[in-house]
Amino acid sequence: RRGGGSDGPFAELNLGFSTDDDPASASRNRVRLLRDVGAPPAAFMYQIHSAEVRVLDDLGQSSERVRVDGQATALRGIAPAALGADCLPVAIAGGGAVAVVHAGWRGLQEGVIDAGVRALLRLTGAEATQLAAAIGPGAGPCCYEVGPELHARFTDYQHGRAGDNLDLKAIASAQLRQAGVGAVHDLGMCTICAPELFFSHRRDAGVTGRQAGLAWLT
């Protein structure tokens, strides 16, 4: 969240338009982000906590915001992007294509990670073992306390519980490996307990900005 032009609870690098931040500030922040990381035009989504993944097969799709929670492409010149403020951005790459999915507990339950992997495999004809994935910052097992009804949704994941807390990252990692992904990396960073680095919907009671995960082909 460092280095942008937004103020108040959205300071500094808010990238989300579905907030009370000035849309002009969020737009300038997106331009700054792409410049600073050297990315091509980013394709953001209107995220709905689903397992819907679209394939980007036209560079013009960078300006479209459709109701999905994952995007995959084999094109250079476009960067699939997922916004988040506790949900996990997960990047998957290999075989000449990349994908980014938005994975909160609803998306993990619905199967967005498996859908993202399958989209890449259809694009490339690669084997899942040739893919690698990176789990970005999100609500960590140190901070993400939930009730028993939510724990009950993930009883199949042995390492998905840390006391009263849910470990989204462990669940995402298990799902990636179940899908056959050859290498899984986790940045190990919690959005809730790092206010100087990240926005957090849980910590900030919903009044906060959004960061993003991006991936692109060079």
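Residues numbered from 1 in each chain as written. Predicted model: local features only at pLDDT ≥ 70, side-chain atom pairs only at ≥ 80, totals over all residues. Heavy atoms only, no water.

**Q** How do you make sense of the pattern of salt bridges when you look at a structure like this?
**A** Think of it this way: side chains of opposite charge can pair up when their charged atoms draw near. Using the criterion set out here, one finds six salt bridges in the structure. In this structure, R32 engages D36 in a salt bridge whose closest nitrogen and oxygen atoms are separated by 3.5 Å. Highlighted residues: R32 and D36, both in helix 1 (residues 23–37), separated by four residues, approximately one helical turn. The class for R32 is partly exposed, based on a relative accessible area of 33%. Its salt-bridge partner being R54, residue E64 comes within 3.2 Å of it at the nearest N-O pair. Separated by ten residues along the polypeptide, E64 in the loop between strand 2 (53–56) and strand 3 (70–73) and R54 in strand 2 bring together distant segments of the chain. (Salt bridge = Lys/Arg side-chain N within 4 Å of Asp/Glu carboxyl O. Helix = DSSP H or I, 4+ residues; strand = E, 2+ residues; numbered from the N terminus. Buried < 20%, exposed > 50% of the residue type's maximum accessible area, 1.4 Å probe, protein only.)

**Q** Hey, could you run me through the environment of E127 in this one?
**A** Along the chain, E127 turns up in the loop between helix 3 (112–124) and strand 7 (132–135). For the pair formed by E127 and G94, sequence separation is 33 residues and the distance between their alpha carbons is 9.1 Å.

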